[in-house]
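Commentary on secondary and tertiary structure
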Amino acid sequence: MKIVDIKTAVVAYHGKATLVRIDTDVGLSGFGEANPDAGAAAIVGLISELKHGLIGEDPRNVEHCWEKLRRSHVFAGPQGGIFLIALSGIEIALWDLAAKAAGQPLYRMLGGKFRDQVRLYADCGDGDDPSGSTEGCVARARRVVADGFTAIKFDIDDLSHPEKFDTANHTINGAELRSMVERVAAVRDAVGPGIDLCIDLHARYDVPSACRIAWAMEPFDLLWLEEPIPAENVDALRQVRARSRTPICVGENLYLRWGFRELLQQQAVDVIMPDVPKCGGLAESKKIANLAEIYYIPFAPHLVSTPLGTMATSHVCAAVPNFLVLEWHALEEREAWDSYVRAPNGARSIVKDGHIALSDAPGIGVELNMEGVRRHAVPGYGIFD
Ligand code: MG
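First, a word on what this report is: a plain description of the structure on this page. The model shown is predicted, which means the values in this text are computed figures rather than measured ones.

**Things to note about the overall build of the chain**
- Looking only at helices and strands, the chain features 14 helices and 14 strands.
- A globule of 385 residues ought to have a C-alpha radius of gyration of about 21 Å, and the chain, at 20 Å, matches this closely.
- Summarising its shape, the C-alpha atoms of the chain cover approximately 65 × 45 × 40 Å along the three principal directions.
- Among the 385 residues that make up the chain, the fraction classed as buried is 58%.
- Counting only carbon and sulfur atoms, one obtains 50% of the accessible surface of the chain, whose full area is about 15200 Å².
- Side chains of the chain carry 39 positive and 52 negative charges; the gap between the two charge centres is 4 Å.

**Quick notes on the packing of helix α9 (residues 256-265) against helix α11 (residues 282-293)**
- Closest axis-to-axis distance for the α9/α11 pair is 9 Å, and the angle between their directions is 15°. By the angle between their axes, α9 is roughly parallel relative to α11. Relative to α11, α9 is oriented so that their crossing is right-handed. Seen from α9, the contacting residues are Leu256, Arg257, Trp258, Phe260 and Leu264; seen from α11, they are Glu284, Lys287, Ile288, Leu291 and Ala292.
- Its residues placed into classes, the contact of α9 with α11 shows seven nonpolar, no polar and three charged.

**What to know about the nonpolar core**
- In terms of nonpolar packing, the biggest core is built from 118 residues, with Ile152, Leu263 and Ile272 touching the most fellow members.
- When sequence neighbours within four positions are dropped, the list of residues in contact with Ile272 reads Val250, Phe260, Leu263, Leu264, Ile288, Ala292, Ile297, Pro298, Phe299 and Ala300.
- Membership of the second largest hydrophobic core comes to 10 residues, among which are Tyr121, Ala151, Val271 and Ala300.

**Section: the pairing of strand β2 (residues 16-24)**
- Of all nine residues in β2, eight are buried, a share of seventy percent or more.
- Linking strand β1 (residues 3-12) back to β2 in an antiparallel pair, the connection comprises three residues, with His14 at a positive phi of about 45°.
- The sheet contact formed by β2 and strand β3 (residues 29-34) spans six bridges and is antiparallel. For Thr18, the partnering residue across the bridge sits in β3 and is Ala34.
- Hairpin connection of β2 to β3: four residues between the antiparallel strands, including Gly27 at a positive phi of 90°.

**Comments concerning the coordination of the magnesium ion**
- Distances from the magnesium ion to its protein donors, Asp200 (OD), Glu226 (OE) and Glu252 (OE), fall within 2.0 to 2.2 Å.
- Mapped onto the sequence, the residues coordinating the magnesium ion show the spacing D-x25-E-x25-E. Residue Asp200 is located in strand β6 (residues 196-200), and its partner Glu252 is located in the loop between β8 (248-250) and α9; the two are separated by 52 residues in the primary sequence. Glu252 matches Asp200 in its accessibility class, with the two residues each being buried.

Cut-offs and rules
Residues numbered from 1 in each chain as written. Predicted model: local features only at pLDDT ≥ 70, side-chain atom pairs only at ≥ 80, totals over all residues. Heavy atoms only, no water. Helix = DSSP H or I, 4+ residues; strand = E, 2+ residues; numbered from the N terminus. Rg over C-alpha atoms; globule rule 2.2 N^0.38 Å. Buried < 20%, exposed > 50% of the residue type's maximum accessible area, 1.4 Å probe, protein only. Areas by Shrake-Rupley, 256 points an atom, 1.4 Å probe, with all protein chains shown as cover. Lys, Arg positive; Asp, Glu negative; His and termini not counted. Charge placed at Lys NZ, Arg CZ, Asp CG, Glu CD. Axes fitted to C-alpha atoms, helices over the stretch in contact; angles between N-to-C directions. Parallel < 35°, antiparallel > 145°, perpendicular 65-115°, else oblique. Left-handed = near helix turned anticlockwise from the far one by under 90°. Contact = heavy atoms within 4.5 Å. Nonpolar A, V, L, I, M, F, W, Y, C, P; charged D, E, K, R; others polar. Core = buried A, V, L, I, M, F, W, Y, C linked by side-chain atoms within 4.5 Å. Pairing = 2+ DSSP bridges. Donors = N, O, S within 2.8 Å, 3.2 Å for Na, K, Ca; no water.

See the structure below:
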């Protein structure tokens, strides 16, 4: 089996999501997804260049193909960023092909499964009210928990807070902190103690502010506090973690095993969250999860992907012992999100009761619904042509 072409389509979802199709000389195609958002034009352009390195290769040699592209472009930045995102989309499509060729579900190619279904947490953003009011957070939390989710996450950082003293620095003030505490307290009160609650700060604070926030969150028994400071300074993260009794989660903007190495070695984090269709792909994420396992650190992938990338990620979540919970980020775009694939057994969605049941069909196990892809295709990018 040989690769004959690689094509892309871009659909609207949380910005732009890039879907990847690898075609072979035996008529079999594999599908992948590169993490969405602002880089679609660069990702599509890069994939159209990278594909020349894979034409004629056997797609079942997944790791060889991945390393070939990475090593042959060592001066083009294959250590992170757009290059790795494009490579991740290709890698997922290679695995889909390899698993389809073997007639096996993807999790079996990754060593088999620890679980039949993957628990999701619902990203609740700012809540039902775009201004991020306490009432809007409570309304969304109640709705999502009633829908079967046992874990939720809210964004409580507010760069436009009216009482900010300085819009450029990274220091929180008392008024901002009180409004954070009010929202988290109200959500915890609304959902009760049995729901896992995470809070995201989007890497927007300095060390003393991060510590103040972490201390203020202690009464609410968070599953984690996400990126209170940026992830690139491991020494600073180690300080925050050492001073906080609230678990600290980091990693949605880190790439490859090397991106997580020092973080894990210095034990500067409680939970890691690699983004699978971004950080290097399925095999790389599994290796990162396995590295975390030797430090007894859970793996809770960040994810902003269509159902294709979500189901692909679910296979990794099933295949590692230290999986905790997987992000699901489609509350506000549910109809378009569900339209991108045909869910197994004719179901409306791959998400049910806050979980994804693993597909046993060969490959990723969900087929793109081209009707949905065409309906929400971003003009100007083509649709696999
Ligand atoms: Mg985050």
